[in-house]
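Topology and contacts: notes
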Amino acid sequence: MVTTLIRAWWCLLLCLPMLTGCDGCRLAEGVDEEAKKLEQQKPPFTSIAAKAYPTTRPDSGNSGLPDGSVKPGHWTSAGFSLRSNREDRRGVVQTQATVGRSETTFIDEPGLEIPEPQSATSFVVRRPAVLPKGQLRKLDTRFLVPSRGSQTVDNILFNGDFLSQDSTGPLSLLPSQFATLLPQTYFFVILTDRPERFVRLQVADWVTPYQNETSYSQPRDNYRVVIPPTEGVLPIAETVLDWTSTAVLFWDDVPTTALTPTQRTAILDWLHFGGLIIVNGPAGVDSLSDANFRELLPIQANGVEELRPDDATQFVRSHTIDTDLSVATVNARLADEKAQVAIAGTRRPDTIELGEGGLVVERRVGRGRIVQSRVDLMSDWLAVWKSYDSFFNSAVLARPPRVHRIDRSNGIAESLPMDNLGMTETPADKPVSTEIPTRQTFVDVEFDIVPPSINTGVRFFSRDGKMPAIQTAPAPTALPADESPTDESPSDATETFTPVTASVRSSLAPWLSDDVWPDAVSGLGGWKNDSPMMAWSRDQLRREIGVTIPDSKLVIRSLLIYLVVLIPVNYLVFRVLGRLEWAWLAVVPLSILGAFWVARAAQLDVGFARSRNELAMLELPADYSRGHLTRVVGLYNSLASQYRIDFSTPDAAIDVIRTRRQDEREASLFGAVEPELEFGVEAGPSFDSIGVGSNSYGVVHLEQIVDVDGSIHVQSTAPEKASPESSDAMQPLDGATVTNGTSLDMLDAFVVDCDTEGRVRVAALGTMASGSRKSIRFQASGSVVVPSNLPMGMTDWMSRLLSSATLLPNSSRLVARIEQPLSGVSITPDCKQVRAQTLILAHLSYPPRPQMLRDKNLSSDFKPEQIQIKQPVNPASPTLKPPNR
C-alpha cells in the first residue's frame, strides 16, 4: 500500500510541469509573436555618424561642428558605428568625402587667379565590416581630405554605404559634416582624465589671438584644442601620415597602456618628424611607462619631492612680462597653500632649461621636441600668474613674442594716439570711449595672418621642402643627349658650394623656415602632388617613361646564338642520335623558344610591354630607424591595363596624379571606373583600378613609413659643451665618424653642413655599405662635385640637396642614393622593365630653437581702469572714468 502511494505521489510531481495554467502555451506563443513584430519594426541597421580623429570629448567643446574638424589636404582618420538589428551581417563599408562649400580664394602671387576645379571629392575608400546581431560595432577608416584649389573650404561632407554580401541594395550611413581648419590652424591634443583642469589652455590667447569684443575681424585660430575621451580605444590616428594636422600633444595622466601599439608608434614617428610633446609634471611621468618614451624624457625621474618656493619664484620671475604685477600674488598663493609636489631626478646632458628655477626642461628628439615640467602646469598657484600665456607661448611653444595694440581698423579708436605701453591721449573735445578695441600681433609685425611654420614643426621634405635650382659653375658643360635645359633644371650637372650672403631678414626670421614651401590651404605637412620635389620628379619621369629598345649588340648577339643553335647544334645532335630527319621537325619548337628567349632578354612581354620607372626619397630623422619614403612611380603600357598596388604595412598612403586629358582617355577605355582604396583586408592598404591607356603612362604618388633596421649616427670627437643653454647648437662634424647602422647599401654618399653665417662645407664619403663607418673630412669650398653621369637625373637632385639654398644655418645632413626600389609595395600586373633610383636624405643635426622672448604687454593693460589718461582734467567738465568691464 505504501509503495502504491509513493508511486502515485511521484507521478503527480512529474505531471506538475505539464500544467500551464489558463492560457497554457498560448501566452508564450503570443509573447514570441509580439517580439517578432517589434523586431520587424526596427530598421535592419542602425548607424552613428562618423567622427573625425582626433575626436574631442562632448563636454570639452568641439570648437566647430559636432562631428569634429579636419584639415584640407591632409590625410585623416574617422570612426563610425554600425549595428545589425535583425541578423548577423558581413559586408563592406565604402565612404567618400566631398567639399561642402568654398568661397575665399588665396592668391599666391599678385595678379594670379587660380580657377576653381569642377569637383573636389576624395576617391572611394572601402573596408570590411562584420556585424553580429544586436552588437554596436565601432569601425574606423581613412581618407584624404579634399580641397578646392587655392580656395578656403568651410566644411567637408562625409557619406558612406554598407554593402552586405547577402543583400542587393546598399544601406546609407548617417552623413557627417566636418569643420575645416585654416592653413595656420593645427590640433592641440590633450590626453587627460581630468578635462576640467584645462579650461585655461582652451581659452588662452595663443590658441585664438585676443580680440576686443568690438573688433570686426574674424578670429584666426592658431590651434584647435582637442581632449579625446579615454573610454575604450582612444579616437586618435594610428599612423603618422594621419598626424600631420596635429602640432602639439599635451600628455597629462593617460597611461601609455591606454593606447594601441600602432598609436604609440605613430606618436613616436610624429615626434621625430617635428611634433611637440609636453609632459605635465609627476602625472605625466607616471603615465609614460613605455620604455620607448621614458628614455626620451629630458629628466630621469626618481620619485617626487617638495617644491622649493625659491625655485618657483625664480621660475616665475624669469618669464614675467614687465607690466605684470602678479608675482607677489603668486608668492602669496604658494605660501598659503600646502606643499607642492615636484619631480625628483637629474637632467640629461643634452637638454635645455626653459627659464630659471629648473622647473621646465626641453630636449630635442629628431626634428621634434619634448618639453617636461617638474610641476603640474595646471597647478592653482599658477592660475593667478598673468604672464602664464606669455610663458606658454614663448617657452613651451617656441613662438615669437606678441604685443597688444589699440585696433584702429574699425574707426572706434581712430582718434586715440597710443604710446609704447598703451597710454592714450584723449583730445579735450571728444568723450572717452568705454570700449578700448585692441588686437594682438607679433612684435614689429602689423599683419594678423600667422605663417604655418610658427604654429607647427612637423615637416616632410617631399611635401614641404624647397628644391631651387643649384648655382652652376661659370663654365657650363653640355647636357647629355637625352636631356634639354628647362626652367627648373640647371644647365650644368656640377655644383660649386659657395657661401651665401646674408639677406635682410624680418623680425620673424628666427621663427620662420626658409627651406619650406607652405601651401595656401593645407599649410605645412599636407599631402601635395605639386610640391617642388613632386614637380621635379614628374618632369624627370616624363623623360624616362617608355619601353627601352634593345641596342644593336643585343640583337646581333641574339641572332648569332639563334643561328648557331638552330643549324649546327641542331644538326650535330640528331646526327649523333642517328635521326637526322628529326632535325627538320625540331626547327619549329626551337624557333618558338628562341622568340621567347629574345623577348625575355630584351625585357619585353610577348604581345605587349610594360615599364616601371620610379624616383623615391627616403627621409630619415637623426638617430631614428624609421623613415618617410616617398615614391613617384611612372607606369607605361603599349596596351591598356588596369593596375593594383598593395602595401605590406598599414603606414601608407597613395594618390594618382592625373590630368584632364588622361581622365578623358581612361574614361573612354575603362568606363566610369574610379580607383578605390581598401583597408583592413591585407597587411596594408590596397589601391585598385588604376587605369593606364594604350601607349600611355600614368604617375602614382605613394608614401610609406618604413623601418630600415637601424639609424645613421654621428659620433663627434669634440668634447661636450659645458653650457647647457648651448647644447642644442650644432656639434662640429669635421673629423667625426658617421656610422651606417641601417640595412641599406648607399652609393655616392656626401655629408654637408651649414654654419651660422651660411657657409657650406661638403665631405665625400663614397660608398657606404650597411654597418660601415667613415670619417668626415670636409674639403675646400667648390672642390667637391657630384658625379655628372648618374642615372635618372640623380646628379641634379643630389646637387640641389647639397647646395646652400636648401640648408638652414646650424644644420647638417647626409645625402646618398640607392639603385633599386625599396621593398614594401607590389604592383600588379608585373612590369618587366624596372628602373629606379632612391635618394637618401638623413638629417644629422637641426637648427636650434629660437630664443625665448617674453611678450611686450598684457591684454589687461588695455582695460579702462588700467589706461592712464593724459588729457588734463577740466574742473568745469570733468572727465569720467570708464566703468569696469
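Everything numeric here is computed off the predicted structure, so don't read it as measured data.

**Looking at the nonpolar core**
Core analysis: the largest hydrophobic core is formed by 83 residues, its most contacted members being Phe143, Leu249, Trp251, Ile267 and Ile645. In this structure, Ile645 is in contact with Ile654, Pro685, Ser686, Phe687, Ile690, Val700, Leu702, Val825, Ser826 and Ile827, ignoring residues within four places of it in sequence. In terms of nonpolar packing, the next biggest core, distinct from the first, is built from 43 residues, Ile227, Ala342, Leu359 and Val396 among them.

**Some remarks on the sheet that holds strand S29 (residues 737-740)**
Two strands in a sheet stick together by hydrogen bonds in their backbones, pointing the same way (parallel) or opposite ways (antiparallel). Strand order in this open sheet of three strands is S28-S29-S32, and the pairing throughout is antiparallel. The open sheet has two free edges, formed respectively by strand S28 (712-715) and strand S32 (773-775), since each of these has just one partner strand. The sheet shows a mean angle of 20° between the axes of neighbouring strands, direction not considered. Sheet topology places S29 next to S32; three bridges connect them, and they run antiparallel. Across the sheet, the residue bridging to Thr739 is Arg773, located in S32.

**Quick word on helix H10 (residues 388-396)**
An α-helical turn contains 3.6 residues, so any two residues separated by three or four positions project in the same direction. With nine of nine residues buried, H10 is to be regarded as a mostly interior element. Within H10, burial applies to Tyr388, Asp389, Ser390, Phe391, Phe392, Asn393, Ser394, Ala395 and Val396. Once H10 ends, the next one or two residues include Ala398, with phi positive near 55°.

**Comments concerning the sheet that holds strand S35 (residues 833-845)**
Pairing in this open sheet of eight strands is mixed, and the strands run S24-S27-S22-S21-S35-S33-S30-S31 from one edge to the other. Only two strands of the sheet have a single partner each, and these edge strands are strand S24 (652-657) and strand S31 (760-768). Strand-to-strand twist of the sheet, defined as the mean angle between neighbouring strand axes without regard to direction, takes the value 15°. Taken together, the seven bridges between strand S30 (residues 746-754) and S31 define a ladder with antiparallel strand orientation. When the sheet's bridge partners are listed, Cys754 is paired in S31 with Val760. Contacts from helix H13 (residues 532-544) reach strand S21 (610-620), strand S22 (626-637), S24, strand S27 (696-707) and S35, with the element oriented near 35° to S22.

**Structural notes on the packing of aromatic side chains**
What the rule picks out here adds up to 23 aromatic pairs. For the pair Phe188 and Trp206, a centre-to-centre distance of 5.4 Å together with 40° between the ring planes defines the contact as tilted. Separated by 18 residues along the polypeptide, Phe188 in strand S10 (residues 186-191) and Trp206 in the loop between helix H3 (199-202) and strand S11 (223-226) bring together distant segments of the chain. For Trp206, a relative accessible area of 0% puts it in the buried group. Sitting above the plane of the Tyr186 ring, Lys71 keeps its charged end 4.2 Å from the centroid.

**Focus on the pattern of salt bridges**
Summed over all chains, the structure comprises 36 salt bridges. We note a salt bridge from Arg347 to Glu353, for which the minimum N-O separation is 3.4 Å. Since its relative accessible area comes to 27%, Arg347 is described here as partly exposed. Close ionic contact of Arg644 with Asp688 constitutes a salt bridge, the shortest N to O distance being 3.4 Å.

**Some words on unusual backbone geometry**
In this structure, Pro54 follows Tyr53 across a cis peptide bond, with omega equal to -5°. One can find Pro54 in the loop between strand S1 (45-52) and strand S2 (69-70). Along the chain, Thr828 connects to Pro829 via a cis peptide bond; the corresponding omega equals 0°. Inspection of the secondary structure puts Pro829 in the loop between strand S34 (825-828) and S35. The phi dihedral of Ala398 falls on the positive side, at around 55°, and the residue is not glycine. Along the polypeptide, Ala398 turns up in the loop between H10 and strand S19 (402-406). Given the relative accessible area of 13%, Ala398 is considered buried. The phi torsion at Asp748 lies on the positive side, around 50°, for a residue other than glycine. Structurally, the position occupied by Asp748 is in strand S30. Asp748 sits in the buried class, given a relative accessible area of 19%.

**Focus on the pairing of S10**
If a strand is regular, its side chains alternate between the two faces of the sheet. Among the six residues of S10, six are classified as buried, and the element is accordingly described as predominantly covered. Looking at chain direction, S10 and S11 are connected through four bridges and run parallel. Across the sheet, residue Tyr186 finds its bridge partner in S11, namely Tyr223. Examined bridge by bridge, S10 and strand S12 (residues 246-251) share five bridges and lie parallel to one another. Pairing of Phe187 across the sheet is with Thr246, part of S12.

**Section: the environment of Val330**
Structurally, Val330 can be placed in helix H8 (residues 327-336). Note on Val330: relative accessible area 0%, which makes it buried. Placed 51 residues apart in sequence, Val330 and Trp381 show a C-alpha to C-alpha distance of 6.0 Å. Apart from the residues within four sequence positions on either side, Val330 is in contact with Val316, Trp381, Val384 and Trp385.

**A short note on a nonpolar patch on the surface**
Together, Leu559, Leu563 and Ile567 make up an exposed nonpolar region whose accessible area comes to about 270 Å². Considering the arrangement of structural elements, one finds Leu559 in helix H14 (residues 552-577).

**A closer look at the side chain of Thr806**
With respect to the secondary-structure elements, Thr806 resides in the loop between helix H17 (794-801) and strand S33 (811-818). Within polar-contact distance, the side chain of Thr806 engages the backbone oxygen of Arg800 at 3.0 Å. Looking at Thr806, its side chain comes within polar contact range of the main-chain oxygen of Ser803, at 3.3 Å. Those residues within four positions of Thr806 in sequence are excluded, and the remaining contacts are Lys466, Met467, Pro468, Asp515, Arg800, Leu801 and Arg813.

**With respect to the confidence of the model for the chain**
With 75% of its residues at a pLDDT of 70 or more, the chain shows a mean pLDDT of 80. Overall, residues 412-433 carries pLDDT values under 50, and its contacts beyond four positions in sequence, including any with other chains, amount to 48 contacts.

**With respect to the pairing of strand S17 (residues 360-365)**
Within S17, five of the six residues are buried, which leaves it mostly tucked inside the rest of the structure. Relative to S17, strand S16 (residues 351-353) is paired through three bridges, and the arrangement is antiparallel. Bridge pairing in S17 links Glu353 to Val361. Taken together, S16 and the strand that follows it, S17, pair antiparallel across an intervening segment of six residues, in which Gly355 is found at a positive phi of about 90°. Pairing geometry for S17 and strand S18 (residues 368-373), over six bridges, is antiparallel. Its bridge partner being in S18, Glu362 is matched across the sheet by Val371. Between S17 and S18, which pair antiparallel in sequence order, lie two residues; one of them, Gly366, sits at a positive phi of approximately 60°.

**Digging into H8**
By the burial criterion, the buried members of H8 are Val327, Val330 and Leu334. End-on view of H8: buried residues confined to an arc of 60°, all on one side of the axis. Counted as exposed and oriented over 90 degrees from the buried face of H8: Ala328, Ala335 and Asp336. Where the residues of H8 are buried, they touch helix H7 (309-319) and helix H9 (380-383).

**Concerning the environment of Gln440**
Among the structural elements, Gln440 can be located in strand S20 (residues 438-442). For Gln440, a relative accessible area of 8% corresponds to the buried category. Separated by 36 residues in the primary sequence, Gln440 and His404 have C-alpha atoms spaced 4.5 Å apart. Every residue in contact with Gln440, bar those within four places of it in the chain, is listed here: Asp205, Pro209, Tyr210, Arg402, Val403, His404 and Asp448. A distance of 3.3 Å separates a polar side-chain atom of Gln440 from the backbone oxygen of Asp205.

What counts, and where the lines are drawn
- Residues numbered from 1 in each chain as written.
- Predicted model: local features only at pLDDT ≥ 70, side-chain atom pairs only at ≥ 80, totals over all residues.
- Heavy atoms only, no water.
- Core = buried A, V, L, I, M, F, W, Y, C linked by side-chain atoms within 4.5 Å.
- Buried < 20%, exposed > 50% of the residue type's maximum accessible area, 1.4 Å probe, protein only.
- Contact = heavy atoms within 4.5 Å.
- Pairing = 2+ DSSP bridges.
- Helix = DSSP H or I, 4+ residues; strand = E, 2+ residues; numbered from the N terminus.
- Axes fitted to C-alpha atoms, helices over the stretch in contact; angles between N-to-C directions.
- Phe/Tyr/Trp six-rings, centres within 6.5 Å; stacked < 30°, edge-to-face > 60°.
- Lys NZ or Arg CZ within 6 Å of the ring centre and 35° of its normal.
- Salt bridge = Lys/Arg side-chain N within 4 Å of Asp/Glu carboxyl O.
- Patch = residues over 30% accessible without salt bridge, like charges linked within 9 Å, V, L, I, M, F, W, Y side chains within 5 Å.
- Areas by Shrake-Rupley, 256 points an atom, 1.4 Å probe, with all protein chains shown as cover.
- Polar contact = N/O pair within 3.5 Å; in protein donor to acceptor, adjacent residues only side chain to side chain.
- pLDDT = per-residue confidence, 0-100.
- Arc of directions from axis to C-beta.

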